[in-house]
Amino acid sequence: LPWQILLAIAAQEQKPEEELALLQRQDEAFARYPDALMTIRRQQIEILRRLGRQDEAEELLAKLQTEVGRGDRADLATQVALERIDKMLAENQAKQAREEFQDLLWEQRDGGAKIVPLVNRYLTLTKQSDQTGEAVRFLRRLIQRNHGESDDSAAVFTDLLAKAYENDGDERGAARVRSRGL
């Protein structure tokens, strides 16, 4: 509670450097708690962006992704990665966003059906940014290496790969994938 009071006072007095210093102290005190770290770092990033210190904000966001991903909180690391991807898209860096998304999916390739929503979001990104050919190549590699015929989720991943082919305008490729499977 004292942290919030001190932060509110610094914000009211429009002292962003003081806010950053308080958040840094809070960061150090709660470094062992990923949920708290996420909240603290997001506040720091927001202040840095307001101050025009974009590079520092991006560096802190990347550091946060690494730190929360170390433990058993892959959900938090995914959330941070998606925030970074959304920021790249907002800055018209579609190729970098796709590459970052591919890294995220590759890191979570053993997640089975849990990564299906991410793959769907990836397919939307690649379709909207006209990178469908790259999506087909990447998903073929990702899915074939990690989801074989015996995998319970093989049918779902077959449909996702077929959708990638359809997005790329290759209806025959989509039909081939659906008829033969992975």
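Fair warning: this is a prediction, and the values are worked out from it, not measured in the lab. (Residues numbered from 1 in each chain as written. Predicted model: local features only at pLDDT ≥ 70, side-chain atom pairs only at ≥ 80, totals over all residues. Heavy atoms only, no water.)

Engineer: Please provide a residue-by-residue account of the overall build of the protein chain, values included.
Structural biologist: Assigned secondary structure in the protein chain consists of ten helices and zero strands. Going residue by residue from the N terminus, the α and β elements of the protein chain occur as α-α-α-α-α-α-α-α-α-α. A compact globule built from 182 residues should have a C-alpha radius of gyration of about 16 Å, whereas the protein chain, at 20 Å, is more than 25% larger. Overall, the protein chain is about 65 × 30 × 20 Å in size when its C-alpha atoms are taken along their principal axes. Counting contacts in the protein chain only where the partners sit at least 6 residues apart, residues at least 24 apart contribute 48% of the total. Taking the 28 positively charged and 33 negatively charged side chains of the protein chain as two groups, their mean positions are separated by 3 Å. (Helix = DSSP H or I, 4+ residues; strand = E, 2+ residues; numbered from the N terminus. Rg over C-alpha atoms; globule rule 2.2 N^0.38 Å. Contact = heavy atoms within 4.5 Å. Lys, Arg positive; Asp, Glu negative; His and termini not counted. Charge placed at Lys NZ, Arg CZ, Asp CG, Glu CD.)

Engineer: Outline the environment of Trp3, supporting the account with residue identities and numerical values.
Structural biologist: By the element assignment, Trp3 lies in helix H1 (residues 2-12). In this structure the C-alpha to C-alpha distance between Trp3 and Arg25, which are 22 residues apart in sequence, comes to 9.4 Å.

Engineer: Report on the packing of aromatic side chains, specifying residues and quantitative values.
Structural biologist: Here the structure, examined in full by the defined rule, presents three aromatic pairs. By the ring-pair criterion, three or more aromatic residues cluster together here, those being Phe101, Trp106, Tyr122 and Phe138. Against the face of Trp106 rests Arg141, its NZ or CZ located 5.5 Å from the ring centre. (Phe/Tyr/Trp six-rings, centres within 6.5 Å; stacked < 30°, edge-to-face > 60°. Lys NZ or Arg CZ within 6 Å of the ring centre and 35° of its normal.)

Engineer: Can you tell me about the environment of Ala77, naming the residues and giving the values?
Structural biologist: Considering the arrangement of structural elements, one finds Ala77 in helix H5 (residues 74-90). Distance in space between the C-alpha atoms of Ala77 and Leu37 is 12 Å, their sequence separation being 40 residues.

Engineer: Describe the side chain of Arg98, with residues and values.
Structural biologist: For Arg98, the position within the fold is in helix H6 (residues 94-107). The side chain of Arg98 is buried and forms no salt bridge, while Glu99, the nearest opposite charge, is found at 4.1 Å. Of note is the side chain of Arg98, whose polar atom sits 2.5 Å from the side chain of Gln131. Apart from the residues lying within four places of it in its own chain, the contact partners of Arg98 are Tyr122, Leu125, Thr126, Gln131 and Glu134. (Buried < 20%, exposed > 50% of the residue type's maximum accessible area, 1.4 Å probe, protein only. Salt bridge = Lys/Arg side-chain N within 4 Å of Asp/Glu carboxyl O. Polar contact = N/O pair within 3.5 Å; in protein donor to acceptor, adjacent residues only side chain to side chain.)

Engineer: Which residues make up a positive patch on the surface, and what values do they have?
Structural biologist: A contiguous patch of positive charge on the surface is contributed by Arg137, Arg140, Arg172, Arg176 and Arg180. For the positive patch, the elements supplying multiple residues, two or more each, are helix H8 (132-146) and helix H10 (171-180). Broken down by element, the residue count for the positive patch peaks at three residues, all from H10. Looking at where Arg137 falls in the secondary structure, it is placed in helix H8. (Patch = residues over 30% accessible without salt bridge, like charges linked within 9 Å, V, L, I, M, F, W, Y side chains within 5 Å. Areas by Shrake-Rupley, 256 points an atom, 1.4 Å probe, with all protein chains shown as cover.)

In short, the description is geometric, and any link to function would need to be established separately.
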